[in-house]
Amino acid sequence: MALGDAILACLTEHPMTGYELAKTFDSSIGFFWKADHQQIYRELSRLRDRGHIQGREVVQSGKPNKLVYTLTSEGRAALKHWAARPSSPASVKDDLLVRLYALDSVDMEPMRADLMARLEYHRDRFARYERILKKRFPHGAASLDDTGKLLLLRMGLRYERAAAEWCEEALDTLPAGASGTSVTPIDGSRRDISG
């Protein structure tokens, strides 16, 4: 997947400025496709050069004018063409997993600290997805567009839960230092993981 395809997908929702696109990446598409603001602005220029989007200047009083981007018919065709191709499963490239492969050659306390940080990261994202689900889809999906977003959100919830549970399992399995550690699993129960 190219960044341009992700931007075209964002613009199917409604016309947006570069700033609004960047915010959309920060709060939704960015959960599964990372791009910084500069990359987005560079890609907008490329998409405009290809004729996939057009920019309309909106005059504002008291602040700089803004450029609002809209999909063109060529852009919609490019998005459909891209979406018709088979997808590729994501490849995993994770330095933590490489460290686990060489577990007998690494220090345990930094490994456990890293796992605890990962656990908190996945718990936080799980909680964030739950809040989005309750706020945006309290009664399920109302349209086909909503159905796609709801399915993405449910996949995100499952992934974050599984990742958090795996971190809990790893912490439960690995030996702890003399102080021991206890962790509250994502399901809310408590257990000792002092190893």
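In case you missed it, the structure is sitting above this.
Throughout this description, residue numbers start from 1 for each chain and increase along the sequence as written. This being a predicted model, a pLDDT of at least 70 is required before a residue's local features are given, and a value of 80 or more before pairs of side-chain atoms are given or counted; all residues contribute to the totals for chains, interfaces and linings. Note that the side-chain values use all heavy atoms of the structure and ignore hydrogens as well as water.

Here we come to the packing of helix α2 (residues 18-27) against helix α3 (residues 37-50). Direction vectors running N to C along α2 and α3 enclose 130 degrees, while the axes themselves pass 10 Å from each other. Comparing their axes, α3 and α2 come out oblique. For the pair α2 and α3, the crossing hand works out as right-handed. Two secondary-structure elements touch here, α2 through G18, Y19, L21, A22, F25 and D26 and α3 through H37, I40, Y41 and L44. Grouping the amino acids of the contact of α2 with α3 by side-chain chemistry returns seven nonpolar, two polar and one charged. Axis geometry follows a simple rule: fit a line to the C-alpha atoms, using only the stretch in contact for helices, then measure angles between N-to-C directions, giving values from 0 to 180 degrees. A run of DSSP states H or I qualifies as a helix once it reaches four residues; a run of E qualifies as a strand once it reaches two. Both are numbered from the N-terminal end. Orientation is classified from the angle alone, with under 35 degrees giving roughly parallel, over 145 giving roughly antiparallel, 65 to 115 giving roughly perpendicular, and any other angle giving oblique. Left-handed describes a crossing in which the near helix is turned anticlockwise from the far one by less than a right angle; the clockwise case is right-handed. Contacts are assigned to residue pairs that have any heavy atoms within 4.5 Å of one another. In this classification, the charged set is Asp, Glu, Lys and Arg, the nonpolar set is Ala, Val, Leu, Ile, Met, Phe, Trp, Tyr, Cys and Pro, and all remaining amino acids, among them Gly, are polar.

What follows concerns the packing of helix α6 (residues 108-136) against helix α7 (residues 144-173). Across the interface, α6 lies against α7 with an axial gap of 8 Å and an inter-helix angle of 155 degrees. For the element pair α6 / α7, the angle class is roughly antiparallel. For the element pair α6 and α7, the recorded crossing hand is left-handed. Here the contact of α6 with α7 is composed, by residue class, of 17 nonpolar, two polar and eleven charged.

The subject of this paragraph is α2. Among all positions of α2, only G18, L21, A22, T24 and F25 are buried. Relative to the axis of α2, the buried residues are bounded by an arc of 155 degrees and lie together on one face. Lining the buried residues of α2 we find α1 (3-11), β1 (16-17), α3 and β3 (66-71). In this scheme, a residue with accessible area under 20% of its type's maximum is buried, one over 50% is exposed, and one in between is partly exposed, where area comes from a 1.4 Å probe on protein chains only. As used here, the arc belongs to the directions running from the helix axis to the C-beta atoms.

This part is about the sheet that holds β1. One open sheet accounts for three strands, arranged β1-β3-β2; its pairing is antiparallel. Only two strands of the sheet have a single partner each, and these edge strands are β1 and β2 (53-58). Strand pairing follows a simple DSSP-based rule, namely that at least 2 bridges must link the two strands. In this sheet, β3 lies alongside β2 in antiparallel orientation, the contact comprising six bridges. Looking at β3, one finds that E57 is bridged to L67. With respect to the sheet, α1 is in contact with β1, β2 and β3, its orientation differing from that of β3 by roughly 95 degrees.

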